[in-house]
Amino acid sequence: MTDAVLRVSFAGPLVTYQDAGREGQMRFGVPASGPMDRLSHAAANVALGNAPDCTAVEISVGGLSLECTSGALSLGVAGGHFMVNRAEESIGAWSVFALQKGERLTIRASSEGSWAYLTFAGTVHAPKWLDHTATHSASGFGGGALLAGSTIRVSDTKIREERHGDIARPTFLPTKDSVRVVRGPQDRFFSDAHIETFFSAQYTLTDSFDRMGVRLSGPKLEVDGALSIPSEPITRGSVQVAGDGIPTVLLADHQTTGGYPKIATVISDDLDKVSQMRANDRMSFVEISPQDAVQVIRKSATDRTLYLAEIAEPKGTLDQRLMRENLISGAIAAVDA
Amino acid sequence: MQNVSFHPVADHALLVQLGSEISEALTTQVLQLDRAIAATPPLGLRETVPAFVNLLAEFDPLVTDHQEMEAAIRSLFDAEVGLTPKGTEREVLVCYEDDLAPDLDAVCKATDMSREAVINMHLSGRYLVGMYGFAPGYAYLSGVPTALQVPRKPTAIRNIPAGSVVIAGPQCLVMTLTMPTGWCIIGRSPTEILRADPDKPFLFDVGDSVKFRRISRSAYDDLAKGRET
């Protein structure tokens, strides 16, 4: 058995362990948590040869810096477009690479994206809560947050040279700026004029943005006497409007119930995208019927499955890659001849 | 079932609304429906989240959709009638001593009762776990006796310790995390609602009934000591 230890020298706020999340506990007040950007989390895992739901470190715009103090292993990184520096050398924002004892890795926010995922070839030793390492940020339950001085311990480490290199990025992602929502379930508490405002206005993300959700700024929506509605279930993507008339989009660590009316709910296909936006980015909400929303996720589930299967294929060793190139050019030459 | 309405939530859930005003009768109906769904889960159902007047059914949109889920749940309304909604009775220990109950005097003043009267009234309540929410393990218990119902404070107070027993209006809860609350703190409990037991990580199921039992300060200290390790 081989082990590796990575020592964190710097970690911004909200750098946490996340596996794919814990479903089925909302009735006990526990949201699924897990990655803010689920596709990037899965991509960073499968490109490294892991199952898609393995524990990763979710890196916020605060960034992460660490050093391998013992052992060696392959790592994957994906999500947003972060600056990745391995052993003093800049590498792809979406890539698989090795880190050896004494080498440093720094991942910092760059031009876009709010969350990146660092994955590990081996078993990450992070605390579990309710069977999962996914961190619920408000309580700290689960794997927890990484801080300067924390160590990441990985056992049964592997060097997967055949997977090293850039990870192809998904090409099928929904367009930015417009976020598809299904109206309701409490749209009845808003006048037609305010529903119209909600769908025609541009909203700006504020820096009141964490794993629980993001507060927007934009035109106020008046709530018709709904401030005393009984607390009711909330889901990931709920757009709730508080007493001040300002919408908040609830994300991975959302409260499971709440008494503010939800004017609309972001469809699951657009949640990764909203999570990757940044403060001051603008968005508008576009209405989609529940039936169409189901069709969208069915189509995109196929795209996602194909994409993940494609990047899960090993690239081969350097020798194999060179050989393949030769064979292909040889075959083309033969056809041409 | 009268007054029931179904509201699609994004591509992956359906909100089943049974009414709009909180009442024990309505909460009981929600719990009956929750049990009926658990007994015969519709294809593609992921989880249900029961609340006071409605229930959220989360489903896998690759397997089912809003219409199929609505039809499946409608068909359960008839089946539910035979199910008794009675949950298990749970006991929660509570110590009402001074420093563990910083708002007890204010509650006495607001209700015009003595400390012992307030404590006895709180102990006399028969509470129902209507819903979890806000934070892991935060179980909303309805059933605070009318004479003991006090409003929440105008602003929340930060860093209220886990274990605090708090009341506001008809509701009571035992805090499971150190967090802010605007509810009135009338005691502290060493009973763990959030537990380390992987088979039963939460003491209550929605629909359980709860009785509080008073303990002395020394009993509290002994039990709480075991808890902090």
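Each chain carries its own residue numbering, running from 1 in the direction its sequence is written. As a convention, the first chain written is A and the first ligand written is 1, with the rest following in written order. For this predicted model, a pLDDT threshold of at least 70 governs which residues receive local features, and a threshold of 80 or more governs which side-chain atom pairs are given and counted, while totals over whole chains, interfaces and linings are taken from all residues. Computation of side-chain values covers all heavy atoms of the structure but excludes hydrogens and water.

## Quick notes on the pattern of salt bridges
Logical step 1: The salt bridge definition used is simple: a Lys or Arg side-chain nitrogen within 4 Å of an Asp or Glu carboxyl oxygen. The tally for this structure, following the rule as stated, stands at 27 salt bridges over all chains.
Logical step 2: The closest approach of N and O atoms between Arg215 of chain A and Asp244 of chain A, which form a salt bridge, is 3.0 Å. With Arg215 of chain A in strand E16 (residues 213-217) and Asp244 of chain A in the loop between strand E18 (238-241) and strand E19 (247-250), this residue pair connects regions lying 29 residues apart in the sequence.
Logical step 3: Residue class for Arg215 of chain A comes out partly exposed when judged on its relative accessible area of 31%.
Logical step 4: A salt bridge links Arg115 of chain B to Asp105 of chain B; the shortest N-O distance between them is 2.7 Å. Taken together, the residues span a long stretch of sequence, with Arg115 of chain B in helix H5 (residues 115-124) and Asp105 of chain B in helix H4 (residues 104-111) at a distance of 10 residues.
Logical step 5: Relative accessibility under 20% of the residue-type maximum defines a buried residue, over 50% an exposed one, and the middle range a partly exposed one, all with a 1.4 Å probe and only protein chains included. Using a relative accessible area of 25% as the deciding quantity, one classes Arg115 of chain B as partly exposed. Here a helix means four or more residues in a row that DSSP labels H or I, a strand means two or more in a row labelled E, and each is numbered from the N terminus.

## Brief notes about the environment of Val107 of chain B
Residues and elements named next belong to chain B.
Logical step 1: Along the chain, the position of Val107 falls in helix H4.
Logical step 2: A relative accessible area of 1% places Val107 in the buried class.
Logical step 3: Once the C-alpha coordinates of Val107 and Ile185 are considered, the two residues, 78 residues apart in sequence, prove to be 9.0 Å apart.
Logical step 4: Every residue pair with non-hydrogen atoms within 4.5 Å of one another is taken to be in contact. The residues touching Val107, leaving out its near neighbours within four places in the chain, are Val118, Leu148, Val150, Ile167, Cys184 and Ile186.

## Quick notes on the confidence of the model for chain B
Logical step 1: For chain B, per-residue confidence averages 91 on the pLDDT scale, and residues scoring 70 or more make up 95% of the total.
Logical step 2: Quick note on the complex model: pTM equals 0.91, ipTM equals 0.91. Per residue, pLDDT measures the predictor's confidence, with a range of 0 to 100.

## Here we look at the sheet that holds strand E12 (residues 184-188) of chain B
Pairing between sheet strands relies on hydrogen bonds along the backbone, with the strands arranged either parallel or antiparallel.
Residue and element names in this part refer to chain B.
Logical step 1: The pairing criterion is simple: DSSP has to find at least two bridges between the two strands. Judged by pairing direction, the sheet is mixed, and its seven strands sit side by side in the order E5-E13-E6-E7-E10-E9-E12 without closing on themselves. Taken across any chain shown, the strands that pair with only one partner, and hence form the sheet edges, are strand E5 (89-94) and E12. Between one strand axis and the next, the sheet turns through 35° on average, direction left out of account.
Logical step 2: Bridging between strand E7 (residues 139-142) and strand E10 (residues 171-174) involves two bridges; their strand directions are antiparallel. Bridge pairing links Leu141 to Cys172 in E10.
Logical step 3: Every axis in this analysis is a line fitted to C-alpha atoms, fitted for helices over the stretch in contact. Angles between the N-to-C directions lie between 0 and 180 degrees. Across the sheet, H5 is in contact with E5, strand E6 (127-132), strand E9 (164-168), E10, E12 and strand E13 (209-214); its angle to E13 comes to roughly 145°.

## Overview of the interface of chain A and chain B
Logical step 1: Facing the 39 residues of chain A at the interface are 43 residues of chain B.
Logical step 2: When chain A packs against chain B, the two sides together hide about 3,300 Å² of surface, and 64% of this comes from carbon and sulfur.
Logical step 3: Applying the counting criterion to the chain A and chain B interface returns two salt bridges.
Logical step 4: The salt bridge partner of Arg46 of chain B is Glu23 of chain A, with a shortest N-O separation of 3.7 Å.
Logical step 5: N or O atoms closer than or at 3.5 Å make up a polar contact, with two conditions inside protein: a donor-capable atom paired with an acceptor-capable one, and, for residues adjacent in sequence, both atoms drawn from side chains. Inspection of the chain A/chain B interface yields 11 residue pairs in polar contact (both at pLDDT 80 or more).
Logical step 6: No other element matches helix H4 (residues 290-311) of chain A, which puts seven residues into the side of chain A that touches chain B. When two components associate, each loses some accessible surface as probed by a 1.4 Å sphere; the sum of these losses over both components is called the buried area.

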